[in-house]
Amino acid sequence: MAKIIVITSGKGGVGKTTSSAAIGTGLAQRGHKVVLIDFDVGLRNLDLIMGCERRVVYDFINVINGEASLNQALIKDKRIENLCVLAASQTRDKDALTQDGVERVLNELAQQFDFILCDSPAGIEKGAHLAMYFADEAVVVTNPEVSSVRDSDRMLGLLSAKSRRAEQNLEPVKEHLLLTRYNPERVEKGEMLSVEDVKDILSIKLLGVIPESQAVLKASNSGVPVILDAESDAGQAYADAVERLLGNDLAHRFLEVQKKGFLNRLFGA
């Protein structure tokens, strides 16, 4: 049975789509069959991050409306055989998503895949609600800023009250915290919340801490999930997060200010 995971946040621009692409790619690298669904109807960015925007012919809404089959709409990743993308529509509005339609598509996908990752739009509108409604697990993405953490706390409230699991009195959605754009130097200066601050406020298990990194922007601009940049700190941090998502216990890295060696200080590196 497929596991449905929603990647969500209350605030826009925190790295949800980057995280969806990285986590989905990481799961597929480890041999799991994975599909990434873009729920951000009207905007659509997941296909850009995955580097498949020119290959979108049919989208999620086409499948819901019966205008195309899943086989026609699914885009197979060129780098990893067992990874697919289902793009959002750029020409419809969010009302085109229906609960019955989303459920039907998810049920069909569950016959083919081990993991279904739902890349949620920000906020609490219809697309975000439907992205989280059917979830078994949720990765709540937040930046170490008060407004971002506060909005994520709101999303946790919705997950516990408005998911299908909550409605049917089933085991709650399993929640994970992913802290992005973390900069230990700014934490030391008091310009950012610390990991412990965020954990204290949200009170959910920490999945990963993704350091602030130029590698993320570079990967996004080139249409390559940053987890494939195994030399970068961000790529390594996402790889660690995937391992923890699969139940492996790894120590968190990139939480402390990196001390520069003598030659680095000498040459200003």
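Residues numbered from 1 in each chain as written. Predicted model: local features only at pLDDT ≥ 70, side-chain atom pairs only at ≥ 80, totals over all residues. Heavy atoms only, no water.

**A word on the overall build of the protein chain**
Here comes step 1: A tally of regular secondary structure across the protein chain gives 13 helices and eight strands.
Here comes step 2: Here the C-alpha radius of gyration of the protein chain, 18 Å, is about what a compact globule of 269 residues would show, namely 18 Å.
Here comes step 3: Here the C-alpha coordinates of the protein chain stretch approximately 65 × 40 × 35 Å along the principal axes.
Here comes step 4: Split into buried and exposed, the 269 residues of the protein chain put 53% on the buried side.
Here comes step 5: Excluding contacts between residues fewer than 6 apart, the proportion of contacts in the protein chain whose partners are at least 24 apart in sequence is 75%.
Here comes step 6: With the model as given, the accessible surface of the protein chain reaches about 12,800 Å², and the carbon-plus-sulfur share is 46%. (Helix = DSSP H or I, 4+ residues; strand = E, 2+ residues; numbered from the N terminus. Rg over C-alpha atoms; globule rule 2.2 N^0.38 Å. Buried < 20%, exposed > 50% of the residue type's maximum accessible area, 1.4 Å probe, protein only. Contact = heavy atoms within 4.5 Å. Areas by Shrake-Rupley, 256 points an atom, 1.4 Å probe, with all protein chains shown as cover.)

**Observations regarding the sheet that holds strand β8 (residues 205-211)**
Backbone-to-backbone hydrogen bonds pair the strands of a sheet. The strands run either parallel or antiparallel.
Here comes step 1: With respect to topology, eight strands assemble into an open sheet ordered β3-β4-β2-β5-β1-β6-β7-β8, the strand pairing being mixed. Two strands in the sheet have a free side with no partner beyond their single neighbour: β3 (75-76) and β8.
Here comes step 2: Pairing between strand β2 (residues 34-38) and strand β5 (residues 115-119): five bridges, direction parallel. Each bridged residue has a counterpart across the sheet, and for Asp-38 the counterpart in β5 is Asp-119.
Here comes step 3: Taken strand by strand, helix α7 (residues 146-162) contacts β1 (3-8), β6 (137-142) and β7 (174-182), and its axis lies near 165° from that of β6. (Pairing = 2+ DSSP bridges. Axes fitted to C-alpha atoms, helices over the stretch in contact; angles between N-to-C directions.)

**Some words on α7**
Here comes step 1: Between the first and last C-alpha of α7 there are 24 Å, a value that for 17 residues agrees with the 24 Å anticipated at 1.5 Å per step.
Here comes step 2: For α7, the full list of buried residues reads Ser-148, Val-149, Ser-152, Met-155, Leu-156, Leu-158 and Leu-159. Looking down the long axis of α7, one finds its buried residues gathered within 165° of arc, a one-sided arrangement. Facing away from the buried side of α7 by more than 90 degrees, the exposed set consists of Val-146, Arg-150, Ser-160 and Ala-161.
Here comes step 3: On its buried side, α7 packs onto β1, α6 (126-133), β6, β7 and α10 (195-202). (Expected span 1.5 Å × (residues − 1). Arc of directions from axis to C-beta.)

**Re the packing of aromatic side chains**
Here comes step 1: The tally for this structure, following the rule as stated, stands at two aromatic pairs.
Here comes step 2: Plain terms: the ring middles of Phe-39 and Phe-60 are 5.1 Å apart, the flat faces sit at 80° to each other, and that makes the pair edge-to-face. In this pair, Phe-39 is assigned in the loop between β2 and α2 (46-49) and Phe-60 in helix α3 (residues 60-64), connecting sequence segments 21 residues apart.
Here comes step 3: Residue Phe-60 is classed as buried on the basis of its relative accessible area of 0%.
Here comes step 4: When the ring of Tyr-133 is compared with that of Phe-134, the centres are 4.8 Å apart and the planes differ by 90°; the resulting orientation is edge-to-face.
Here comes step 5: The class for Phe-134 is buried, based on a relative accessible area of 3%. (Phe/Tyr/Trp six-rings, centres within 6.5 Å; stacked < 30°, edge-to-face > 60°.)

**Some points on the side chain of Asp-47**
Here comes step 1: Within the element layout of this structure, Asp-47 appears in helix α2.
Here comes step 2: Residue classification places Asp-47 among the buried residues on the basis of a relative accessible area of 2%.
Here comes step 3: Contact partners of Asp-47, with chain neighbours within four places excluded, come to Cys-52, Glu-53 and Val-56.

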